[in-house]
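Chain by chain, the residues:
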Amino acid sequence: MLKKTYCNYFRHFSPFTMLIEFIYTSTVTRPLDPKEVINLQESCMHNNAQKGVTGMLLYDGQHFMQVLEGDSQTIETLFETIKHDSRHFEVSAIIRNPIENRNFAAWSMGVVDLTKTMDFKNTKIKDIRKSPPLSHKLLLAFTHNKIY
Ligand SMILES: Cc1cc2nc3c(=O)[nH]c(=O)nc-3n(C[C@H](O)[C@H](O)[C@H](O)COP(=O)(O)O)c2cc1C
């Protein structure tokens, strides 16, 4: 137990690793029902907490937009897994930035169904994703939101 804690600490906070934010968008293979969205969030939260990954996943019924924060190698490996998930396709990376601090430190993975929000119910990820700065801004809108 002690050994595992030490290894995780080293992996997440070593000066030899680089903290990045990584944003991609994708198209859903088929719309997810609310229970499937909850299941996806639960598995993301569980896995990401173990890997020191934080972030936010937006869903508008047709597309996903996700920001992942963490050690660059961990994020690249996770993205390889996510890319091959059959729940989506047309997976396209739009931002990969080194960062000093996390914007979503409180979220091992927040998930927002935009269609169920007041302010963003008409927001379409397919329109926003054409602009990386706008994509970044949209995700940051959820940093301090009380989503649940
Ligand atoms: C849009 C989308 C986002 C996902 N995000 C994550 C994530 O942040 N972390 C994660 O571990 N898995 C994520 N997954 C799930 C992975 O693709 C994969 O199913 C999961 O890592 C397998 O975990 P398991 O081996 O515990 O079943 C995501 C899947 C989709 C479709």
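Residues numbered from 1 in each chain as written. Predicted model: local features only at pLDDT ≥ 70, side-chain atom pairs only at ≥ 80, totals over all residues.

(A) Geometry of the nonpolar core. Met 56, Leu 57, Leu 58, Val 67 and Leu 139 are the most contacted members of the largest nonpolar core, which has 25 residues in total. Broken down by secondary-structure element, the contributors of at least two residues to this core are strand 1 (19-28), strand 2 (54-59), strand 3 (63-71), strand 5 (110-113), helix 4 (125-128) and helix 5 (132-140). In contact with Met 56, other than residues within four places in its own chain, are Val 67, Phe 104, Trp 107, Gly 110, Leu 139 and Phe 142. (Core = buried A, V, L, I, M, F, W, Y, C linked by C-beta atoms within 7 Å. Buried ≥ 20, exposed ≤ 12 C-beta atoms within 10 Å, placed from the backbone. Helix = DSSP H or I, 4+ residues; strand = E, 2+ residues; numbered from the N terminus. Contact = placed C-beta atoms within 7 Å.)

(B) Up close: the site of the ligand. In the vicinity of the ligand there are 16 residues, among which Cys 44, Asn 47, Phe 64, Asp 85 and Arg 87 approach most closely. Among the secondary structure elements, those contributing two or more residues to the shell around the ligand are helix 2 (34-51), strand 3 and helix 3 (72-83). Among the elements that take part in the shell around the ligand, helix 2 stands out by supplying five residues, more than any other. Residues belonging to the shell around the ligand are distributed by class as follows: eight nonpolar, six polar and two charged. (Near = placed C-beta within 6 Å. Nonpolar A, V, L, I, M, F, W, Y, C, P; charged D, E, K, R; others polar.)

(C) Focus on the pairing of strand 2. Of all six residues in strand 2, six are buried, a share of seventy percent or more. The side-chain alternation of strand 2 yields two buried faces, one formed by Thr 54, Met 56 and Leu 58 and the other by Gly 55, Leu 57 and Tyr 59. The antiparallel hairpin formed by strand 2 and strand 3 contains three residues in its connecting segment, where Gly 61 sits at a positive phi of about 95°. Where strand 2 lies against strand 5, four bridges are found, and the strand directions are parallel. Each bridged residue has a counterpart across the sheet, and for Leu 58 the counterpart in strand 5 is Val 112. (Pairing = 2+ DSSP bridges.)

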